[in-house]
Amino acid sequence: AGGYMVQVLPFASDETIEKLERSITSLKSTTDMIADGLSAKEMAEKVLGELGSLPEVAAESVPSYGPCCRDDLRGRMMRALASMGKKEVDSIIEEQGQVEMTCEFCKESIVFKEDDLSAASQEI
């Protein structure tokens, strides 16, 4: 399964929108295009159709997941704890004294002790 997300800017003409709609409705499914070996860039060019693309502003990136840098991970988890609100963090400190969090990308677990949770509570 797959799809396209195209954002039409407010100043786009009706003609531009019509060209885009024609282009998208004439496409094969994303599954078929992937099976045919098309790259994401080639699929994007097909979506844009006769509107074309601007190679000078096109960018490519390769997504990657984990292993996460432990220091960055710890900071993100600490911000997540702080976003829970002072009352909730204080409640966790009182009830459990620590929190174990696991990153869903790299599966790294970090245990925050009472001192860490107190620091998060101070930041709120």
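Residues numbered from 1 in each chain as written. Predicted model: local features only at pLDDT ≥ 70, side-chain atom pairs only at ≥ 80, totals over all residues. Heavy atoms only, no water.

Novice: I would appreciate a short explanation of the pattern of salt bridges in the present structure.
Specialist: Proximity of charged atoms lets side chains of opposite charge pair with each other. This model, assessed by the stated rule, comprises six salt bridges. Where E15 meets K19, a salt bridge forms, and the shortest distance between an N and an O atom there is 3.4 Å. Taken together, the positions of E15 and K19, both in helix α1 (residues 14-25) and four residues apart, correspond to about one turn of that helix. With a closest N to O distance of 3.8 Å, E50 and K19 form a salt bridge. You can see E50 sitting in the loop between α3 (40-48) and α4 (70-82) and its partner K19 sitting in helix α1, a full 31 residues away along the chain. (Salt bridge = Lys/Arg side-chain N within 4 Å of Asp/Glu carboxyl O. Helix = DSSP H or I, 4+ residues; strand = E, 2+ residues; numbered from the N terminus.)

Novice: Even after reading the chapter, I still don't get the pairing of strand β2 (residues 109-112), so can you show me in this structure?
Specialist: The side chains of a regular strand alternate, first on one face of the sheet and then on the other. Only one face of β2 is covered, namely the face carrying I110 and F112; the face carrying S109 and V111 is uncovered. Bridging between strand β1 (residues 99-102) and β2 involves four bridges; their strand directions are antiparallel. Opposite M101, over in β2, you have I110 as the bridge partner. Here β1 folds back onto β2, and the loop between the two strands holds six residues, one of which, K107, carries a positive phi near 70°. (Buried < 20%, exposed > 50% of the residue type's maximum accessible area, 1.4 Å probe, protein only. Pairing = 2+ DSSP bridges.)

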